[in-house]
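Observations on chain architecture
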Amino acid sequence: MNKNIEALYQIAQKETKRIIGLMSGTSLDGLDIALCEISGSGVNTNVKLAQFKTISYSEEIKTEIRKVFAKKNIDFQHLVLLNEWIGLLHAEMINDALKKWNIPASEIDLIASHGQTVLHAPKFLHQQEKFPNATLQIGDGDHIAVKTGIITLSDFRQKHVAAGGEGAPLAVYGDYFLFGKEGENRIMLNIGGIANFTYLPSAIKTEDTFVTDTGTGNTLIDLFVKKYFLDKSYDKDAEIAKQGTVNQDLLDNLKDNSFFKKGFPKTIGQELFNAEYVELALSKSNLTNISAPDLLATLTRFTAETIAEAILFAVENSSFKIEDFKIYLSGGGANNPLIVKWLKELLPCPFFKSNDLGINSDAKEAILFAVLANETVAGGDFKFNSVKIPSVTMGKISFPD
Ligand SMILES: Nc1ncnc2c1ncn2[C@@H]1O[C@H](COP(=O)(O)OP(=O)(O)OP(=O)(O)O)[C@@H](O)[C@H]1O
Ligand SMILES: CC(=O)N[C@H]1[C@@H]2OC[C@@H](O2)[C@@H](O)[C@@H]1O[C@H](C)C(=O)O
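Here the residue numbering is sequential within each chain, running from 1 through the sequence in written order. All chains are assigned letters beginning at A, and all ligands numbers beginning at 1, according to the order in which they are written. Whole-chain, interface and lining totals are the exception, using all residues; otherwise, since this is a predicted model, local features are given only for residues with pLDDT of at least 70 and side-chain atom pairs are given and counted only at 80 or more. The basis for the side-chain values is all heavy atoms of the structure; hydrogens and waters are excluded.

In the nomenclature of an unreviewed UniProt entry, the chain corresponds to Anhydro-N-acetylmuramic acid kinase from the organism Flavobacterium nitrogenifigens. UniProt positions are given in the numbering used here, feature names are shortened, and annotations may be inferred rather than shown by experiment. Annotation of the chain in UniProt includes, under Function (unreviewed entry), the sentence "Catalyzes the specific phosphorylation of 1,6-anhydro-N-acetylmuramic acid (anhMurNAc) with the simultaneous cleavage of the 1,6-anhydro ring, generating MurNAc-6-P. Is required for the utilization of anhMurNAc either imported from the medium or derived from its own cell wall murein, and thus plays a role in cell wall recycling." Under the UniProt heading Sequence similarities (unreviewed entry), the entry covering the chain gives this text: "Belongs to the anhydro-N-acetylmuramic acid kinase family."

1. Digging into the site of ligand 1
Taken together, 22 residues sit near ligand 1, with Thr26, Gly193, Asp222, Asp237 and Gly332 positioned nearest. Polar contacts, as used here, are pairs of N or O atoms within 3.5 Å; protein pairs need one atom able to donate a hydrogen and one able to accept it. Residues neighboring in sequence count only if both atoms are side-chain atoms. Between ligand 1 and Asp29 there is a distance of 3.2 Å, counted from an oxygen atom to a side-chain nitrogen or oxygen. In isolation ligand 1 has 660 Å² of accessible area, and contact with the protein removes 86% of it. Three categories are distinguished: nonpolar for Ala, Val, Leu, Ile, Met, Phe, Trp, Tyr, Cys and Pro, charged for Asp, Glu, Lys and Arg, and polar for the others, with Gly belonging to the last. Its residues assigned to classes, the shell around ligand 1 shows four nonpolar, 12 polar and six charged. The domain limits used here are those given by an automatic or database domain assignment. In terms of domain composition, the shell around ligand 1 takes at least three residues from each of domain 1 (3–170 + 363–398) and domain 2 (181–357). The criterion for a residue being near a molecule or strand is simple. One of its heavy atoms has to lie within 4 Å of it. To be clear on the numbers: accessible area is Shrake-Rupley with a 1.4 Å probe, and residue cover counts the displayed protein chains and nothing else.

2. Some remarks on the UniProt feature "binding site: ATP" (unreviewed entry) in the chain
The UniProt entry lists Gly25, Thr26, Ser27, Leu28, Asp29, Gly30, Leu31 and Asp32 under the feature "binding site: ATP" (unreviewed entry), expressed in the numbering used here. Cross-referencing the annotated residues with the lining of the second largest pocket gives Thr26, Ser27 and Leu28. Working definition: helices are DSSP H or I runs of at least four residues, strands are E runs of at least two. Numbering for both runs from the N terminus. For Thr26, the location among the structural elements is in the loop between β1 (16–24) and β2 (30–39). Burial status follows relative accessibility: with a 1.4 Å probe on protein chains alone, a residue under 20% of its type maximum counts as buried, one over 50% as exposed, and anything between as partly exposed. Classification of Thr26 by relative accessible area gives partly exposed; the value is 24%. Residue contacts follow a heavy-atom distance rule, with two residues in contact if any of their heavy atoms lie within 4.5 Å. When near neighbours in sequence (up to four residues on either side) are disregarded, Thr26 contacts Phe69, Gly193, Ile194 and Gln270. A 1.4 Å probe that fits but cannot get out identifies a cavity on a 1 Å grid over protein atoms alone, an open set with protein on both sides within 12 Å along at least five of seven lines counts as a pocket, and a residue lines either if it has an atom within 4 Å of a point.

3. Here's the deal with the nonpolar core
Residues enter a nonpolar core if they are buried and are Ala, Val, Leu, Ile, Met, Phe, Trp, Tyr or Cys, with the set joined through side-chain atoms within 4.5 Å. Core analysis: the biggest nonpolar cluster contains 53 residues, and Phe197, Ile311 and Leu343 have the highest contact counts within it. Of all the elements, helix α11 (residues 292–316) adds the most residues to this core, at 11 residues. With near-sequence residues (within four places) excluded, Phe197 lies in contact with Ile187, Met188, Leu189, Phe210, Val211, Thr212, Thr214, Phe264, Ala310, Ile311 and Ala314. Among the nonpolar cores identified, the runner-up in size contains 38 residues, and Ile11, Met23, Val172 and Ile204 belong to it.

4. Points about the packing of aromatic side chains
For this analysis, a ring pair means two rings from Phe, Tyr or Trp (six-membered ring only for Trp) whose centres lie within 6.5 Å, classed as stacked if their planes differ by under 30 degrees, edge-to-face if by over 60, and tilted for the remaining angles. Tallied over the entire structure, the rule returns 23 aromatic pairs. Between Tyr199 and Phe210, the aromatic rings sit 5.2 Å apart at their centres with planes inclined by 25°, giving stacked as the arrangement. With a gap of 11 residues between them, Tyr199 in strand β8 (residues 194–200) and Phe210 in strand β9 (residues 210–216) connect regions that are remote in the sequence. Per residue, the accessibility class of Tyr199 equals that of Phe210, and both read buried. Taken together, the ring pairs in this structure connect Phe197, Tyr199, Phe210, Phe264, Phe313, Phe320 and Phe325 into an aromatic cluster. We call a charge positioned above a ring when the Lys NZ or Arg CZ atom is no farther than 6 Å from the ring centre and deviates by at most 35 degrees from the ring normal. Over the aromatic face of Phe259 sits the side chain of Lys266, whose NZ or CZ is 4.6 Å from the ring centroid.

5. So, the site of ligand 2
Taken together, 16 residues sit near ligand 2, with Thr117, Arg157, Leu170, Ala171 and Asp213 positioned nearest. Thr117 is positioned such that a nitrogen or oxygen atom in its side chain is 2.6 Å from an oxygen atom of ligand 2. In the model, an oxygen atom of ligand 2 is placed 2.7 Å from a nitrogen or oxygen of the Arg157 side chain. For ligand 2, the accessible surface in isolation is 440 Å², of which the surrounding protein chains cover 97%. Elements represented by at least two residues in the shell around ligand 2 include exactly β4 (110–121), β5 (134–138) and β8. Of the residues in the shell around ligand 2, the class split is six nonpolar, seven polar and three charged. Shared between two domains, the shell around ligand 2 takes at least three residues from each, and those domains are domain 1 (3–170 + 363–398) and domain 2 (181–357).

6. Points about the layout of surface pockets
Grid points are joined across faces, edges and corners, and a volume is the space filled by probe spheres set on the points. Its boundaries defined by the atoms lining it, the second largest pocket holds a volume of some 450 Å³. Looking at the lining of the second largest pocket, the elements with two or more residues in it are α8 (219–228) and α10 (275–284). Of the residues that constitute the lining of the second largest pocket, the class distribution is six nonpolar, five polar and five charged. Residue contributions to the lining of the second largest pocket reach at least three from each of two domains, namely domain 1 (3–170 + 363–398) and domain 2 (181–357).

7. Some remarks on the packing of helix α3 (residues 76–101) against helix α5 (residues 141–148)
To define axes, lines are fitted to C-alpha atoms, for helices over the stretch in contact only, and angles between the resulting N-to-C directions are given on a 0 to 180 degree scale. For the pair α3 and α5, interaxial distance at closest approach is 8 Å and the crossing angle is 35°. Once α3 is placed against α5, the crossing between them reads as right-handed. On α5, the residues that touch Glu84, Gly87, Leu88, His90, Ala91, Glu92, Ile94 and Asn95 of α3 are His143, Ile144, Lys147 and Thr148. Considered class by class, the residues forming the contact of α3 with α5 number four nonpolar, five polar and three charged. The sense of a crossing depends on the near helix, which, turned anticlockwise from the far helix by less than a right angle, makes the crossing left-handed and, turned clockwise, makes it right-handed.

8. Examining the domain arrangement of the chain
One frequent convention defines the size of an interface as the accessible area lost when the parts assemble. Taken domain by domain, the chain comprises domain 1 (3–170 + 363–398) and domain 2 (181–357). Taking only C-alpha atoms, the centre of domain 1 and the centre of domain 2 are 25 Å apart. The interface is formed by 23 residues belonging to domain 1 together with 28 residues belonging to domain 2. Taken together, both faces of the contact between domain 1 and domain 2 bury some 2000 Å²; the carbon and sulfur share is 60%. Here the buried area means the combined drop in accessible surface, using a 1.4 Å probe, for two parts upon being joined, counting both sides. Its largest share of buried area at the contact with domain 2, domain 1 owes to Phe124, Pro169 and Lys364, together 31% of the area lost on that side. Only one rule defines a salt bridge in this text: a Lys or Arg side-chain nitrogen within 4 Å of an Asp or Glu carboxyl oxygen. On the surface where domain 1 and domain 2 come into contact, there are one salt bridge.

9. Focus: the side chain of Thr300
As for its placement among the helices and strands, Thr300 is situated in helix α11. A polar atom in the side chain of Thr300 sits 2.6 Å from the backbone oxygen of Leu296. Contacts of Thr300, omitting those with residues within four sequence positions, involve Ile221, Ala241, Asn336, Leu338, Ile339 and Trp342.

Structure below.
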């Protein structure tokens, strides 16, 4: 037997596995590295976050990724070079983190790498009948395995697409396993570059559970902060937006897109929510000279309203009322006080952070990929009784030699 298969077989039988989950999100802010100790699988999964670190991307890395990110026309060679380079960079970042934590690579069982999304193209966006839903994450797993010496699972989204999904959001797998609770109606709301939520009604029957993107999270806010303020990359504590006034006409035009009328589950990315999207809404509103604070207030309101409307739509189509739910926030947008204030006004129910359930909200997405790798290697028995959630294990396996 190949010794790597033997090693994997041994890992699969360990009661507790040490799995490093990696996530580099669509905000392009850096790589989240979550060292998890995982036991059990499916609804019996237990996760302890042993270490967590975000390694910020340098301006150089951001610039290289932006050359291809969410763009239809790119330099093809650059994409190929990036695939290898990001794999190598992520491996170096893991090696550095392990050194800082004083943990030898031999003590890590698996790496679960999301990679960098460069294009997300569900059918709704590409609209070419003969082609399926499509999504591409780069940062090759073989490079990570070879450079770290650790068995690596990567490219998780393709199996979801192969099984009929859009490749995202995958959050429901972790949310259901870790946070599904009999007797409590929960909504796990993640506000990253794109916002999404997992709907976990109290009966936690899998046929009632689903996950969906709602639209832009921080993407458009970040984009226009960078455009107007060269020294800022985001609207810290909504300081700029708080000084502005929401422009109702612009808000209406921003919300005028068929994505918002589409049923659940649905996914989206910066391929739609980008500078041109906002420019078009500005021109429809005949706004040539809107102030930065007014624009940011309106974009912030756009995020809050589209999240709230999606959640209310989900709840209204059930036997529950919004007051029956608890919302658990995660993602960088959970730190934006204006988004949170408006969400609380629009959704009259108690709000918490995923930290209140024992999971560091910044680490939640990286933990998700560790949980998915655990399922592939040591679980896979649990079946969701819903066409909205493909019951498949995900991730391709790379050996170090
Ligand atoms: N104090 C704060 N005030 C306002 N916004 C904040 C604050 N802290 C973080 N953010 C926002 O959160 C963003 C980062 O979010 P996050 O790390 O969840 O994104 P991501 O993981 O790349 O996204 P995705 O889940 O879409 O892949 C920042 O760019 C910023 O817009
Ligand atoms: C294609 C892609 O990378 N999608 C991300 C992105 O970031 C947030 C939202 O859009 C979500 O759909 C997804 O990530 C999380 C981890 C998910 O799959 O649940």
